[in-house]
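Chain and residue survey
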Amino acid sequence: MNRSRLIAQIIKELLSLLRDPRARAILVLPPLLQLLIFSFAATLEVRNTTIAVFNEDSGQASEALVTAVAHASFVSNVVPVYDHRHQDQLIERGEVLLALHIPETFSRLKMAGEAAPVQVILDGQKANTAQVALSYLQAIAMAQGDAVEPMVLRHAFNPNLIYQWYVVPSLSGILSMFIALVVTALSISRERELGTFDQLLVSPTTPSEIILAKCLPAVLVGFVMGAVMVSAALFLFRVPFTGSLLWLAAALGLFMVSVVGIGLMVSAISETQQQAILGAFSIGVPMVLVSGFATPVENMPLILQWVAQAIPLTHFLVIVQGSFLKALPAEVVVSHLWPMAVAAVVMLSGATLVVRRRLH
C-alpha cells in the first residue's frame, strides 16, 4: 500500500466534501429531522421495569406494599436489597430504574394511623421514564390503607432533572452517527454520479486504498462532530463530567469505525447521491429509535431488544451518558466497547466485500 497515494486520496475526499454545497447542507439537516421524528415516535408508557426494594420493616403493612409493587403491571422484576450500598450500586449500574426504601418505622406508623413516609430514589439519567414509573408507584401507595404514604424523592445523578444533561451528551452520538453515515454514503455514489469513479478504477490506486480513503475522512469528520457536541455539553450547557475523557474518546472512535462500515455499503449499492442519502437516513433513523434514546429498550418487543444490542449506538449512548453523570467504571465501559468492536469488524468486513465486488 502506497502511503503518499493514500494520503492524496484522503485529502481529495475531504476537499470534495467541503466544496460540495449539497454535502455541506446535508450535514445540517439531521438534527431537524430527529426533532420531528422524536416528537412523534417517543412514548411515555413504561413497562418491564426493574425496581429495587430496601425493606427495613418486617411488619404486615410493609409486606403488603412490597407485594402490591411486585404485582404491578409495569413491574417485571423486584430486586431485594439489604443495605444502602447495594441499593446505590444498582442505581449506578443502571440495573434498576428506581429504588424503594421502606424504613423500619413504616408498619408502626401505619398501625397508629399516622403518615408513614417511604423514600424513592430515581435514576435521574432517565428522568422522564423514572417520573412516569413514579406516578405508577404513587398510585399503588395511595391504594394501601387509609393513610397515604408521602414519598421523599431524591434523583440520583441529576438532582434538578435538567433535561439538557441527558439530551446533549446523547446527541454527540446521534449527530456524529448521521454525519459519518452521510459522508461515507456519498463517497462512492458521488464519484459514480460525476463520472470520476471509472477513472479511479483504472488508476494505480488499489481497492484497499480506495476503501481506506473513503472510510478515514468519514471517521475523522464524525469524530470531530462528536467532540464538538461533547465540548458543547461541557462548556455551553455545563453538564457535569465525572468519567474519563480517554475512555470516551476511545469509545467515540470505535463507534465511528463501526458506523462507517454501514455507510460504505450504502454508498457501494447506490447509483446516485439521492439514493445514498435516502439509504443513510432509512438505516439511521430506525437505529436511533431502537437504541434506547427516545424510549427504553426494555419496553420493546424481545426481538427488538436483541436488535438493539447489535446496534453500536445503543452501547455508545450508555458510555457517553454514564461518562457525564455516573463516573462509569472502566469495567462497565469495556463491557460496552467489545460489542462495538465486534460490530465494527462485521460491518467493515461486509463493506469491504461489497465494495470489492463493485470495483471488479
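Residues numbered from 1 in each chain as written. Predicted model: local features only at pLDDT ≥ 70, side-chain atom pairs only at ≥ 80, totals over all residues. Heavy atoms only, no water.

The name an unreviewed UniProt entry assigns to the chain is Transport permease protein, from the organism Marinobacter salinexigens. The record held by UniProt for the chain lists under Sequence similarities (unreviewed entry) the comment "Belongs to the ABC-2 integral membrane protein family." (UniProt positions renumbered as here; feature names shortened; annotations may be inferred.)

Take the overall build of the chain next. Looking only at helices and strands, the chain has 15 helices and five strands in total. Counting the 360 residues in the chain, one finds 48% classified as buried. When contacts within the chain are restricted to residue pairs at least 6 apart in sequence, long-range pairs at least 24 apart make up 81% of them. For the chain, the accessible area works out to roughly 16900 Å², and carbon and sulfur atoms hold 66% of it. (Helix = DSSP H or I, 4+ residues; strand = E, 2+ residues; numbered from the N terminus. Buried < 20%, exposed > 50% of the residue type's maximum accessible area, 1.4 Å probe, protein only. Contact = heavy atoms within 4.5 Å. Areas by Shrake-Rupley, 256 points an atom, 1.4 Å probe, with all protein chains shown as cover.)

Another aspect to go through is the packing of aromatic side chains. Considering all chains together, one arrives at four aromatic pairs under this definition. The interplanar angle of 25° and the centroid separation of 5.3 Å between the aromatic rings of Phe178 and Phe281 together place this pair among those described as stacked. Remark: Phe281 occurs in helix H12 (residues 273-290) and Phe178 occurs in helix H8 (residues 164-194); sequence separation between them is 103 residues. For the pair Phe178 and Phe281, a shared accessibility class is recorded, and that class is buried. Between the aromatic rings of Phe241 and Phe324, the centroid separation amounts to 5.0 Å while the plane-to-plane angle is 85°, which identifies the pairing as edge-to-face. Taken together, the positions of Phe241 in the loop between helix H10 (207-236) and helix H11 (245-269) and Phe324 in helix H14 (residues 312-325) put the pair 83 residues apart, joining distant regions of the chain. For Phe241, a relative accessible area of 23% gives the class partly exposed. (Phe/Tyr/Trp six-rings, centres within 6.5 Å; stacked < 30°, edge-to-face > 60°.)

Assignment of secondary structure puts His315 in helix H14. A relative accessible area of 4% places His315 in the buried class. Polar side-chain contacts of His315 include one of 2.7 Å to the backbone oxygen of Gln309. Beyond its immediate chain neighbours, meaning those up to four positions away, His315 contacts Gln309, His336, Pro339 and Met340. (Polar contact = N/O pair within 3.5 Å; in protein donor to acceptor, adjacent residues only side chain to side chain.)

This brings us to the side chain of Ser172. Considering the arrangement of structural elements, one finds Ser172 in helix H8. Setting aside residues no more than four positions away along its own chain, Ser172 makes contact with Gly226, Met229, Val230, Phe316 and Val320.

Attention now moves to the pairing of strand S2 (residues 75-81). Residues in a regular strand point their side chains to alternate faces of the sheet. Sheet topology places strand S1 (residues 49-55) next to S2; six bridges connect them, and they run parallel. Paired with Thr50 across the strands is Asn77, a residue of S2. Between the parallel pair S1 and S2, the chain is carried across by helix H4 (residues 60-70), and the sense of this crossover is right-handed. (Pairing = 2+ DSSP bridges. Right-handed = clockwise from strand over helix to strand, strands pointing away.)

A contiguous nonpolar surface patch, about 510 Å² in accessible area, is contributed by Leu302, Ile303, Leu304, Trp306 and Val307. One can find Ile303 in helix H13 (residues 302-310). On the basis of relative accessibility, which here comes to 57%, the residue Ile303 falls in the exposed class. (Patch = residues over 30% accessible without salt bridge, like charges linked within 9 Å, V, L, I, M, F, W, Y side chains within 5 Å. Salt bridge = Lys/Arg side-chain N within 4 Å of Asp/Glu carboxyl O.)

The next subject is the pairing of strand S4 (residues 118-123). With respect to burial, S4 is a largely interior element, five of its six residues being buried. Note: strand S3 (residues 98-102) against S4, four bridges, orientation antiparallel. Bridging across to S4, Leu100 finds its partner in Val120.

Here the focus is unusual backbone geometry. Its identity as a non-glycine residue notwithstanding, Arg238 has a phi of 55°, on the positive side. Relative to the helices and strands, Arg238 is located in the loop between H10 and H11. Taking the relative accessible area as the measure of exposure, Arg238 reaches 61% and is therefore exposed.

Our next topic: the UniProt feature "transmembrane region" (unreviewed entry) in the chain. Per the UniProt record, "transmembrane region" (unreviewed entry) is annotated on residues 163-190, 210-237, 244-269, 275-294, 306-325 and 337-355. For the annotated span residues 163-190, helix accounts for 96% and strand for 0% of the residues, and the straight-line distance between the end C-alpha atoms is 39 Å. Regarding residues 337-355, the helix share stands at 100% and the strand share at 0%, and the terminal C-alpha atoms are separated by 26 Å.

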